[in-house]
Amino acid sequence: MADDQVIKLLEEIRDLQKQHLAKYGEALQNQREAIANQKNNIRRSRRTLIVIGVIIVALYLYPAYLGAMFSGFRCLLRR
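Residues numbered from 1 in each chain as written. Predicted model: local features only at pLDDT ≥ 70, side-chain atom pairs only at ≥ 80, totals over all residues. Heavy atoms only, no water.

Enquirer: Hey, could you go over the overall build of the protein chain for me, with residue numbers and the actual values?
Expert: Within the protein chain, the secondary structure is distributed over one helix and zero strands. Counting every position in the protein chain, which comprises 79 residues, the buried fraction comes to 0%. In the form shown here, the protein chain has an accessible surface area of approximately 7,700 Å², with 64% of it arising from carbon and sulfur atoms. (Helix = DSSP H or I, 4+ residues; strand = E, 2+ residues; numbered from the N terminus. Buried < 20%, exposed > 50% of the residue type's maximum accessible area, 1.4 Å probe, protein only. Areas by Shrake-Rupley, 256 points an atom, 1.4 Å probe, with all protein chains shown as cover.)

So this is what it looks like as structure tokens:
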């Protein structure tokens, strides 16, 4: 009778270990997906920052370009 109880207990331990291993594999897969998502988000945010930077630089340089262009016209008109 004691042997039957030991066998049942060992079988339960084995089954729990199998479940634990399956859940651990799931957790690892979820972590891989989370890391891939984070990498994609980092790439997307870098692109967004570059675009915003280009827009800001263009907004600051455009008035200077217009000023230089109009000052050239003024010089032509004065002659």
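Enquirer: Give a detailed account of a nonpolar patch on the surface, specifying residues and quantitative values.
Expert: Taken together, Val6, Leu9, Leu10 and Ile13 make up a surface patch of nonpolar side chains, about 360 Å² in accessible area. Note that Val6 resides in helix 1 (residues 2–78). The class of Val6 is partly exposed, set by a relative accessible area of 45%. (Patch = residues over 30% accessible without salt bridge, like charges linked within 9 Å, V, L, I, M, F, W, Y side chains within 5 Å. Salt bridge = Lys/Arg side-chain N within 4 Å of Asp/Glu carboxyl O.)

Enquirer: Please provide a residue-by-residue account of a positive patch on the surface, values included.
Expert: A contiguous patch of positive charge, built from Lys39, Arg43, Arg44, Arg46 and Arg47, is present on the exposed surface. Mapped onto the fold, Arg43 is located in helix 1. (Lys, Arg positive; Asp, Glu negative; His and termini not counted. Charge placed at Lys NZ, Arg CZ, Asp CG, Glu CD.)

Enquirer: I'd love a proper account of the pattern of salt bridges, names of residues and values included.
Expert: All chains considered together, the criterion is met by one salt bridge. Across the pair Asp15 and Arg14 runs a salt bridge, and its minimum N-O distance is 3.4 Å. Since its relative accessible area comes to 35%, Asp15 is described here as partly exposed.

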